[in-house]
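Observations on the three-dimensional arrangement
Here is what each chain is made of, one letter per residue.
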Amino acid sequence: MSNATPQLYASAYVALGGGAGALLRYQLGRLMTHWMGVQAVTMFPWATLAVNAIGSLLMGVLAGVLARHGQGGDQLRLLLGVGLLGGFTTFSAFSLELAMLIQRGQLLFAALYIMLSIGLGVSGLVFGLTVTRLVS
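Computed from a prediction, not measured in an experiment: that's the story for all the values here.

The UniProt record annotates "binding site: Na(+)" (unreviewed entry) at Gly 86 and Thr 89. In this fold, Gly 86 is placed in helix H4 (residues 74-88). For Gly 86, a relative accessible area of 32% gives the class partly exposed. As for its placement among the helices and strands, Thr 89 is situated in the loop between H4 and helix H5 (91-103). Ignoring any residue separated from it by four or fewer positions in sequence, one finds Thr 89 in contact with Arg 25, Val 51, Asn 52 and Gly 55. Of note is the side chain of Thr 89, whose polar atom sits 2.6 Å from the side chain of Asn 52.

Bringing helix H1 (residues 4-36) into the picture now. Taking 1.5 Å of rise per residue, the 33 residues of H1 would be expected to cover 48 Å, and the 47 Å separating its terminal C-alpha atoms lies within 8% of that figure. Considered for burial, the residues of H1 that qualify are Thr 5, Ala 10, Gly 17, Gly 18, Gly 21, Leu 28, Gly 29 and Met 32. In this structure, the buried side of H1 is in contact with helix H2 (38-43), helix H3 (46-69) and H4. After H1 finishes, the residue Gly 37 shows a positive phi value of roughly 100°.

Enumeration according to the criterion identifies three aromatic pairs in this entry. Residues Phe 91 and Phe 94 carry aromatic rings whose centres are separated by 5.4 Å and whose planes lie at 40° to one another, so their mutual orientation is tilted. Of this pair, Phe 91 and Phe 94 both sit in helix H5, three residues apart, which is roughly one turn of the helix. On the basis of relative accessible area, Phe 91 is assigned to the partly exposed category, the value being 37%. Judged by relative accessible area, Phe 94 falls into the buried class, the value being 14%. One aromatic cluster is present, formed by Phe 91, Phe 94 and Tyr 113 through successive ring pairs.

Together, Ile 114, Ile 118, Val 122, Leu 125, Val 126 and Leu 129 line one region of the surface with nonpolar side chains, adding up to about 520 Å² of accessible area. Position of Ile 114 among the secondary structure elements: in helix H6 (residues 107-135). With relative accessibility at 32%, the residue Ile 114 sits in the partly exposed group.

Moving on: the nonpolar core. By size, the foremost hydrophobic cluster in this structure holds six residues: Leu 28, Met 32, Ala 47, Ala 50, Val 51 and Phe 88. Sorting the residues of this core by element identifies H1 and H3 as the ones contributing at least two each. The residues contacting Val 51, other than those within four sequence positions of it, are Arg 25, Leu 28, Phe 88 and Thr 89.

Take H3 next. The terminal C-alpha atoms of H3, which comprises 24 residues, lie 34 Å apart, in line with the 34 Å expected from a rise of 1.5 Å per residue. Of all the positions in H3, only Ala 47, Ala 50, Val 51, Asn 52, Gly 55, Met 59, Leu 62 and Leu 66 are classed as buried. Check the buried side of H3 and you find it contacts H1, H4 and H5. The positive-phi residue at the C-terminal boundary of H3 is Gly 70, with phi of around 50°.

The interhelical angle for the contact between H5 and H6, taken along N-to-C directions, is 155°, at an axis separation of 7 Å. On the basis of the axis angle, H5 is roughly antiparallel to H6. Note that H5 runs across H6; the crossing there is left-handed. Each of Phe 94, Glu 97, Leu 98, Leu 101 and Ile 102 in H5 lies in contact with H6, whose residues at this interface are Leu 107, Phe 109, Ala 110, Tyr 113, Ile 114 and Ser 117. Partitioned by chemical class, the residues of the contact of H5 with H6 number nine nonpolar, one polar and one charged.

Conventions and cut-offs
Residues numbered from 1 in each chain as written. Predicted model: local features only at pLDDT ≥ 70, side-chain atom pairs only at ≥ 80, totals over all residues. Heavy atoms only, no water. UniProt positions renumbered as here; feature names shortened; annotations may be inferred. Helix = DSSP H or I, 4+ residues; strand = E, 2+ residues; numbered from the N terminus. Buried < 20%, exposed > 50% of the residue type's maximum accessible area, 1.4 Å probe, protein only. Contact = heavy atoms within 4.5 Å. Polar contact = N/O pair within 3.5 Å; in protein donor to acceptor, adjacent residues only side chain to side chain. Expected span 1.5 Å × (residues − 1). Phe/Tyr/Trp six-rings, centres within 6.5 Å; stacked < 30°, edge-to-face > 60°. Patch = residues over 30% accessible without salt bridge, like charges linked within 9 Å, V, L, I, M, F, W, Y side chains within 5 Å. Areas by Shrake-Rupley, 256 points an atom, 1.4 Å probe, with all protein chains shown as cover. Salt bridge = Lys/Arg side-chain N within 4 Å of Asp/Glu carboxyl O. Core = buried A, V, L, I, M, F, W, Y, C linked by side-chain atoms within 4.5 Å. Axes fitted to C-alpha atoms, helices over the stretch in contact; angles between N-to-C directions. Parallel < 35°, antiparallel > 145°, perpendicular 65-115°, else oblique. Left-handed = near helix turned anticlockwise from the far one by under 90°. Nonpolar A, V, L, I, M, F, W, Y, C, P; charged D, E, K, R; others polar.

Here it is in structure tokens:
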């Protein structure tokens, strides 16, 4: 077996989980629009809020299970954590990383991570929109 084979399997786990996570996110958005109505979901991003909350909860459960059972969890971490929950929401990864910083007592880094994540995320989006409008 070549050295590339484990990486190929790892990538396949992430791709499979990511596709499923993205599909679940889309379907949850459709379900919430059907359940709440178009007006409600356009007034407030309920689907995104639900996805982020559910994804963060599931990331916590997964992290706890993998920490408790440890051995052999790399495939599950790749499939479910990086793939499924990563495709479902990246907020779950942010939440886990932030919680780890806080648990390690790195409160300054935690605060910096919050500010940079939100600041760079929103700034990047505004910059991208602005550039696109100027180029179009």
